[in-house]
Amino acid sequence: MRRADRRRRRSHLAARRRRDRPQSLACFTRDLDVLPFPTRHLCRNELYVRPDTGAPQTTLVTNRGCPHRCTYCLASQVAGLANRYRSVENVLAEIRECVERYRITSFLFRSDLFTQDAAWVRRLCAAILDAGLQISWACNARVDTVDAETLAWMKRAGCWIASFGSRVVTKRRSTASRRTRPSPMPTAPSSSVVRPASSRASIY
Ligand code: SF4
C-alpha cells in the first residue's frame, strides 16, 4: 500500500473511531427529575392513540441511555452509556398528570432500555399498583435484563407489550449491517422480537 493510501486509511479509521465513541456523561443531564413534564396542553393529544385499540396514548421517557452497544443502535451515542433513571416518584407524578388532567391511560415508556435496573422497575410497578392506577403501557427491554419475577411485576402493573432487541439472523444481514455502521461487536443485524403479554412472539 502506498504511503498516501496508508495515511488516508489511518485518517479514515480515526474519524470512524471518533464517530463511534459514546458521548461522555458530562454532555448529559444527570438528574432527569429537574426536567419539566412535557407541555401536553399544547398538543392535540387526541391524535396519538394506541394502534391496536385506538385508546389515547402518550409517550413518557422514564430513563435515558444504555450501557450496551448493539451494532445497529445509536442509544449510547445519542444518550450515553450510563442509564439515567428518573425517580419513581417523578415518573408516577407524570403518569398521574396524564390520567387526571388529560384522561390518558395508555403509555409508551419511551426509554432506550427500560429494564436495565430490575429493582427500579419493580419499585415503579409497585408504586403504580399502590396508587391504584389503571393504566396500560409498553416498553423496550433486553433479554438479559429481565427475569420471570420482574416480568410478572410488569404485567401486573399494566405492561401489555415489551420489545426486545436481538442480534441474530443471516450472514447477509450481518454483513449489510456492518457495512452501514462498523462496530467491534461480532454480529450485527437489526431486528426486534415483540411479545404481547400471554400471547405469541413475532420477529420483524
Ligand atoms: S438495542 Fe437496546 S440494549 Fe442494545 S444498545 Fe440499543 S437500547 Fe441498548
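Everything in this summary refers to the structure shown in the same document. (Residues numbered from 1 in each chain as written. Predicted model: local features only at pLDDT ≥ 70, side-chain atom pairs only at ≥ 80, totals over all residues. Heavy atoms only, no water.)

Here we look at a positive patch on the surface
A contiguous patch of positive charge on the surface is contributed by Arg3, Arg6, Arg7 and Arg10. The topology assignment puts arginine 6 in helix 1 (residues 3-20). Judged by its relative accessible area of 37%, arginine 6 falls in the partly exposed class. (Patch = residues over 30% accessible without salt bridge, like charges linked within 9 Å, V, L, I, M, F, W, Y side chains within 5 Å. Areas by Shrake-Rupley, 256 points an atom, 1.4 Å probe, with all protein chains shown as cover. Salt bridge = Lys/Arg side-chain N within 4 Å of Asp/Glu carboxyl O. Lys, Arg positive; Asp, Glu negative; His and termini not counted. Charge placed at Lys NZ, Arg CZ, Asp CG, Glu CD. Helix = DSSP H or I, 4+ residues; strand = E, 2+ residues; numbered from the N terminus. Buried < 20%, exposed > 50% of the residue type's maximum accessible area, 1.4 Å probe, protein only.)

What to know about helix 4 (residues 118-130)
Taking 1.5 Å per residue as the helical rise, helix 4 with its 13 residues ought to reach 18 Å, and the 18 Å between its terminal C-alpha atoms agrees with that figure. Of the positions making up helix 4, those classed as buried are Trp120, Val121, Leu124, Cys125, Ala127 and Ile128. The arc that holds every buried residue of helix 4, seen down its axis, measures 160 degrees, which confines them to one face. Here the buried face of helix 4 lies against strand 3 (84-85), helix 3 (88-102), strand 4 (106-109), strand 5 (136-141) and helix 5 (148-156). Regarding helix 4, its N-cap is aspartate 117, as a side-chain oxygen of that residue lies 3.1 Å from the backbone nitrogen of alanine 119 further along. (Expected span 1.5 Å × (residues − 1). Arc of directions from axis to C-beta. Contact = heavy atoms within 4.5 Å. Polar contact = N/O pair within 3.5 Å; in protein donor to acceptor, adjacent residues only side chain to side chain.)

Details of the packing of aromatic side chains
Applying the stated criterion across every chain yields a total of 6 aromatic pairs. Where phenylalanine 109 meets phenylalanine 114, the ring centres are 5.4 Å apart and the plane angle is 20 degrees; that geometry is what we call stacked. With respect to class, phenylalanine 109 is no different from phenylalanine 114; both count as buried. Between the aromatic rings of phenylalanine 114 and tryptophan 137, the centroid separation amounts to 5.3 Å while the plane-to-plane angle is 55 degrees, which identifies the pairing as tilted. Pair noted here: phenylalanine 114 is in the loop between strand 4 and helix 4 and tryptophan 137 is in strand 5, with a separation of 23 residues, a long-range link. (Phe/Tyr/Trp six-rings, centres within 6.5 Å; stacked < 30°, edge-to-face > 60°.)

What about the pattern of salt bridges?
Applying the stated criterion to the full structure yields 8 salt bridges. Residue glutamate 46 is joined to arginine 44 by a salt bridge in which the shortest nitrogen-to-oxygen separation is 3.2 Å. Residue glutamate 46 is classed as exposed on the basis of its relative accessible area of 53%. One salt bridge connects arginine 50 with aspartate 52, and the closest N-O pair in it is separated by 2.7 Å. Classification of aspartate 52 as partly exposed rests on a relative accessible area of 46%. Here the salt bridges do not stand alone but share partners, grouping Arg40, Arg86 and Glu94 into one network.

Observations regarding the pairing of strand 4
Sheet analysis places strand 1 (residues 57-60) next to strand 4, joined by 4 bridges and oriented parallel. The partner of threonine 58 across the bridge, within strand 4, is phenylalanine 107. Relative to strand 5, strand 4 is paired through 3 bridges, and the arrangement is parallel. The residue of strand 5 that forms the bridge with phenylalanine 107 is tryptophan 137. Once the chain exits strand 4 it traverses helix 4 before rejoining the sheet at strand 5, and the crossover so formed is right-handed. (Pairing = 2+ DSSP bridges. Right-handed = clockwise from strand over helix to strand, strands pointing away.)

Section: the nonpolar core
In this structure, Ile95, Phe107, Phe109, Ile128 and Trp137 are the most contacted members of the largest nonpolar core, which totals 30 residues. Only helix 3, strand 4, helix 4, strand 5 and strand 6 (159-166) provide two or more residues apiece to this core. Ranked by residues supplied to this core, first place goes to helix 3 with 7 residues. (Core = buried A, V, L, I, M, F, W, Y, C linked by side-chain atoms within 4.5 Å.)

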